[in-house]
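The chain contents come next:
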Amino acid sequence: MHPVRKRRLILVSLLIVGVSIAVGLMLMALGENLNVFYTPTQVHAGEVPSGHTFRVGGIVEEGSVVHDPDSLAVTFIVTDTANTTTIKYDGILPDLFREGQGILAEGKLDENGIFIATRVLAKHDEKYMPPEVDDALKAAQDIGAYKRNQ
Amino acid sequence: MTPEIGHFALVMALCLALIQAILPLWGSERGSLSLMAVARPAAYGQFVFLTISYLALTWAFVNHDFSVLYVANNSNSALPLMYLISGVWGSHEGSMLLWVFIMGGWTMMVALFSHSLPETTVARVLSVLGMLSVGLILFILFTSNPFERLIPAAVDGADLNPLLQDPGMAFHPPVLYMGYVGLSVPFAFAIAALIGGRLDSAWARWSRPWTITAWMFLTLGITLGSWWAYYELGWGGWWFWDPVENASFMPWLTGTALIHSLAVTEKRGLFRGWTVLLAIIAFSLSLLGTFLVRSGVLTSVHAFATDPTRGLFILAFLGIVIGGSLILYAWRMQTLRAVGEFKPLSRETLLLLNNVLLVTAAASILIGTIYPLIIDALGKGKISVGPPYFNSIFIPLMIPLFLLVGIGPLVRWREESAGKLWRDTHNILIAFIIVFAASAFLLMRSASITVLIGLFAAIWMVVFSLGYLGKRLSNRRGLAAFKGVSASVYGMVIAHIGLAVTVIGVTFSSAYSLDHDIRMGPGDEKELAGFVFRFESISQREGPNYVANVALFRVMKEGKTLVTMTPEKRIYNVRRNMMTEAAIDTKLTRDLYISLGNPPEEGDKWAVRLYYKPFISWIWGGGVIMALGGLLSVLDRRYRVAARKRAGMKTAHNVKSISVNPA
């Protein structure tokens, strides 16, 4: 083979090998680090595979926030208006966390069906509703309307 | 009346941008000097009108004109002057206006500093910049007009988002936009070269200083943003792999790659096709970034649904810019055949590797950022990609890059032999081993494998960069040696050392940070990393547009008071948002950081976050050093001398040489 062609062939095959390794690694890393969002209704219906880390979100129910006086532990309930999930969190809540506000929490379900959060997210803007929560609320309302029409 | 003047000026700017986009390009095709000569005046005029428009909006903010919808939504009569001025870019409409205003500024600079370039090149470059301007001004006028009136006028404004009421956030967007928009200049140079079919080392030399300047602003902008997140969000974190951050990081990575491949194109005439492609990609990513962030698409795909015209316009504009450039690229590609050759062991190969690593990093970030959007758009559920994804890909890609940063400059162009390289560098290698072994020994007790890797990379970069500089200096004796080395060499060495400083900051702060979340009230004490934090008292303070709870902390070490710190919890009057103002005590090798969490439900025990963060300020210090390196490189005499030489030849430049078929 012509030396220039040969070198080009080596270069191209190296590139292909490199790119496929990179893509493979990326897909693997993606698969391991995805957090899927579930609505309280989906959690209630047992759609979450047990032992998985996932995200749940909704409106913090009025009057549901209970602070432990001695530690940073806090318990609260999020709702998508159809169902609720109880969340436990040990840490400092974000500034925009308050009752009636839409939030997201990341963590796992324990054996009693209580969500143990490792992270609680409330976004920068008080007008902002996490899109996941917004959709969850809409989905719950659709179910409600459906039931009423039955 | 002022908002209408602003609106009218924007329309005038659009007209001039249209002229600037069409006439000079037409002239360059026909070889008409008079048509090409339109480019500069049009660019100046456009900038004047954009300035008027921008000042009109600022005027509306400063004078509390709440009959302007945008002002009513993002300002308030109690807002301090500084935030009235920065409030202009506090939300979507105004920040788009800032974008085109800065774009106009860059265009004017190109028009001013291009007198040494051939008229055809100037005409084409300014024309491409004009086209971008047309698209962006149309976007503002049709979908995001900041001058829209509110009838009847609001009594008072809804206030600026309190998170943005901070000096760091006031400066971050304009600096970042200077970088984003600055990448449009190398883009325009690349497109102009593709249109003309002439891509030579002169082209690379013209676009290099512009690219480095844009990169410098981008570096500073990202540094400022990261620093702001650290002290303002109250979490002590400095990088979250948030889509908004990724949007600025991708153009930075590709821009860095572009600077390096431009070096090869300038010095050796190689990689021309790749360099042009990188210029296109870097600017496309910065467009994508601004639009996606600002239109809210990244936080929700449904932002398109809430304002379909805006979303459609963005998609169409991106499609035209990116698609058009790539089609032009494909069409002209055969003229970009490389002429030179290089061996597997050469500076060229190492720079190619550098580019592959940087672009792969940018691509993996892009995938992680838009993957959730694609999944959502396909209706397959809602997911988010966590920081571990980014870390697990980004860090392994960076380690070989750091090794290249050290050794690369010492390797010869075209062809290097292992024997020569060894002879040139073995002294540096020995110095490196000594320094590394000594530092590792000092850290012995606590060094983990990640710390050792970070330390290795940082020391490698510093010792080899200094070794390289030493070799350049040893050609001459005394003071003349320092003058004999060009500014761009100093610039490169400084930028590479800046990177090492950042690596040290990242490594040490992530490995050795200590923190404590705790409930504390006045009189309580807590020990952390040898420091005793005593909560002395809590008091109330009234700011211009907020009320703050101010905690007083006394920090002691070995019984002696070191410093008093006053973290705050503010409630802003208008929006009733709670905001954390962390108290930070910065020393060269460590930060102490206190932020207040939730106020007590009852009693006086606050949730308090205490941090000890070693070397964290090095992260941003390194960013500033990198930008400084960029600045030095731009000041290199080479760009000016070459410019003057060509200016001298310009008299000989006539219409004939313009109409010569450049291919």
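This one's a predicted model, so the numbers in the text were calculated from it and none came from an experiment.

## Here we look at the overall build of chain B
In step 1: When helices and strands are counted, chain B shows 23 helices and eleven strands.
In step 2: For 663 residues, the compact-globule estimate of 2.2 N^0.38 gives 26 Å, and chain B sits close to it at 27 Å.
In step 3: Taken along its principal axes, the extent of the C-alpha atoms in chain B is 85 × 75 × 55 Å.
In step 4: Across the 663 residues that make up chain B, the buried fraction comes to 50%.
In step 5: The contacts of chain B with a sequence gap of at least 6 include a subset with a gap of at least 24, amounting to 75%.

## Thoughts on the overall build of chain A
In step 1: Looking only at helices and strands, chain A features three helices and seven strands.
In step 2: Its helices and strands taken in sequence order, chain A reads α-β-α-β-β-β-β-β-β-α from the N to the C terminus.
In step 3: Counting over 150 residues, chain A shows a buried share of 30%.
In step 4: A separation threshold of at least 6 residues defines the contact pool for chain A, and within that pool the share at least 24 residues apart is 54%.

## Quick word on the interface of chain B and chain A
In step 1: Taken together, the contacts link 33 residues of chain B with 26 residues of chain A.
In step 2: Where the side of chain B that touches chain A is concerned, the elements lending two or more residues are α15 (347-377), β1 (383-385), α16 (387-407), β2 (514-520), β8 (578-581) and β11 (606-614) of chain B.
In step 3: Residue contributions to the side of chain B that touches chain A peak at five residues, all from α15 of chain B.
In step 4: Partitioned by chemical class, the residues of the side of chain B that touches chain A number eleven nonpolar, 16 polar and six charged.

## Let's talk about the domain arrangement of chain B
Residues and elements named next belong to chain B.
In step 1: Each assigned domain of chain B is listed here: domain 1 (1-165), domain 2 (417-512) and domain 3 (514-615).
In step 2: Measuring from the centre of the C-alpha atoms in domain 1 to the corresponding centre in domain 3 gives 43 Å.
In step 3: Contacts between the two partners involve seven residues from domain 1, matched on the other side by eight residues from domain 3.
In step 4: Here the side of domain 1 that touches domain 3 is composed, by residue class, of five nonpolar, one polar and one charged.

## Examining the confidence of the model for chain B
In low-pLDDT segments, the atomic positions of the prediction should not be examined closely.
Residues and elements named next belong to chain B.
In step 1: Per-residue confidence for chain B averages 88 on the pLDDT scale, and 93% of its residues sit at or above 70.
In step 2: The model gives residues 300-305 a pLDDT under 50, and that stretch makes eleven contacts with residues more than four places away or in other chains.
In step 3: Counted against residues more than four places away or in other chains, residues 648-663, with its pLDDT under 50, gives 13 contacts.
In step 4: Reported for the predicted complex are a pTM of 0.90 and an ipTM of 0.79.

## Re helix α6 (residues 92-112) of chain B
Helical geometry: 3.6 residues make up each α-helical turn, so side chains three or four residues apart lie on a common side.
In step 1: Between its first and last C-alpha atoms α6 of chain B spans 30 Å; for 21 residues at 1.5 Å apiece the expected length is 30 Å, and the two agree.
In step 2: With 16 of its 21 residues buried, α6 of chain B lies for the most part within the structure.

## Looking at the environment of Gly-225 of chain B
In step 1: One can find Gly-225 of chain B in helix α10 (residues 201-232).
In step 2: A C-alpha to C-alpha distance of 28 Å links Gly-225 of chain B and Leu-69 of chain B, two positions 156 residues apart in sequence.

## A closer look at the environment of Pro-251 of chain B
Residue and element names in this part refer to chain B.
In step 1: Position of Pro-251 among the secondary structure elements: in helix α11 (residues 243-268).
In step 2: A residue is classified by how many C-beta atoms lie within 10 Å of it, and Pro-251, with 30 of them, is buried.
In step 3: Pro-251 sits 20 residues away from Tyr-231 along the chain, and the two C-alpha atoms are 25 Å apart.
In step 4: When residues no more than four places from it in sequence are discounted, the contact partners of Pro-251 are Tyr-180, Leu-183, Leu-218, Ala-282, Leu-285, Ser-286 and Gly-289.

## Topic: the packing of α16 of chain B against helix α18 (residues 449-473) of chain B
Residue and element names in this part refer to chain B.
In step 1: Between α16 and α18, whose axes approach to 7 Å, the crossing angle comes to 20°. Classified by the angle their axes make, α16 and α18 are roughly parallel. Note that α16 runs across α18; the crossing there is left-handed. For the pair α16 and α18, contact is made by Ile-399, Phe-402, Leu-403, Val-405, Gly-406 and Ile-407 and by Ile-453, Ala-457, Trp-460, Met-461, Phe-464 and Ser-465, respectively.
In step 2: For the contact of α16 with α18, the class distribution of residues is ten nonpolar, two polar and no charged.

## Remarks on the sheet that holds β2 of chain B
All names here are of chain B.
In step 1: Spatially, β2-β11-β10-β9 is the arrangement adopted by the four strands of the open sheet, whose pairing is antiparallel. Sheet topology places β2 and β9 (583-587) at the edges, where each strand pairs with a single neighbour. Averaged over neighbouring strand pairs, the angle between their axes works out to 10° when direction is ignored.
In step 2: When β2 meets β11, the two strands line up antiparallel, connected through seven bridges. Residue pairing for β11: Ile-518 is matched across the bridge by Val-608.

## Examining the nonpolar core
Residues and elements named next belong to chain B.
In step 1: Ranked by internal contacts, the top residues of the largest apolar core, which has 213 residues, are Val-100 and Met-461.
In step 2: Ranked by residue count, the leading element in this core is α10, at 17 residues.
In step 3: Beyond its immediate stretch of four places on either side in the chain, Val-100 contacts Leu-50, Ser-133, Leu-136, Ile-137 and Ile-140.
In step 4: Grouped together as the second largest cluster of nonpolar side chains are seven residues, Phe-271, Leu-350, Leu-351 and Val-411 included.

## Here's the deal with the confidence of the model for chain A
In step 1: Residues of chain A with pLDDT of at least 70 account for 83%, and the chain-wide mean is 79.
In step 2: At the low end of the mean pLDDT range in chain A sits helix α3 (residues 131-149) of chain A, at 64; at the high end sits strand β5 (residues 84-90) of chain A, at 91.

## Quick notes on the packing of helix α7 (residues 119-143) of chain B against helix α9 (residues 184-196) of chain B
All names here are of chain B.
In step 1: Contact geometry for α7 and α9: axes closest at 8 Å, N-to-C directions at 125°. Taken together, the axes of α7 and α9 are oblique relative to one another. Handedness of the crossing formed by α7 with α9: right-handed. Every residue of α9 that contacts α7 at Thr-120, Thr-121, Arg-124, Val-125, Val-128, Leu-129 and Leu-132 is listed here: Ser-184, Ala-188, Phe-189, Ile-191, Ala-192, Ile-195 and Gly-196.
In step 2: Looking at the contact of α7 with α9, its residues break down into nine nonpolar, four polar and one charged.

## A few points about the environment of Tyr-44 of chain B
In step 1: Examined against the element boundaries, Tyr-44 of chain B turns out to sit in helix α3 (residues 39-62).
In step 2: Considered as a pair, Tyr-44 of chain B and Thr-107 of chain B are 63 residues apart in the sequence and their alpha carbons are 8.2 Å apart.

Conventions adopted
Residues numbered from 1 in each chain as written. Chains lettered and ligands numbered in written order. Predicted model: local features only at pLDDT ≥ 70, side-chain atom pairs only at ≥ 80, totals over all residues. Helix = DSSP H or I, 4+ residues; strand = E, 2+ residues; numbered from the N terminus. Rg over C-alpha atoms; globule rule 2.2 N^0.38 Å. Buried ≥ 20, exposed ≤ 12 C-beta atoms within 10 Å, placed from the backbone. Contact = placed C-beta atoms within 7 Å. Nonpolar A, V, L, I, M, F, W, Y, C, P; charged D, E, K, R; others polar. Domains from an automatic or database assignment. pLDDT = per-residue confidence, 0-100. Expected span 1.5 Å × (residues − 1). Axes fitted to C-alpha atoms, helices over the stretch in contact; angles between N-to-C directions. Parallel < 35°, antiparallel > 145°, perpendicular 65-115°, else oblique. Left-handed = near helix turned anticlockwise from the far one by under 90°. Pairing = 2+ DSSP bridges. Core = buried A, V, L, I, M, F, W, Y, C linked by C-beta atoms within 7 Å.

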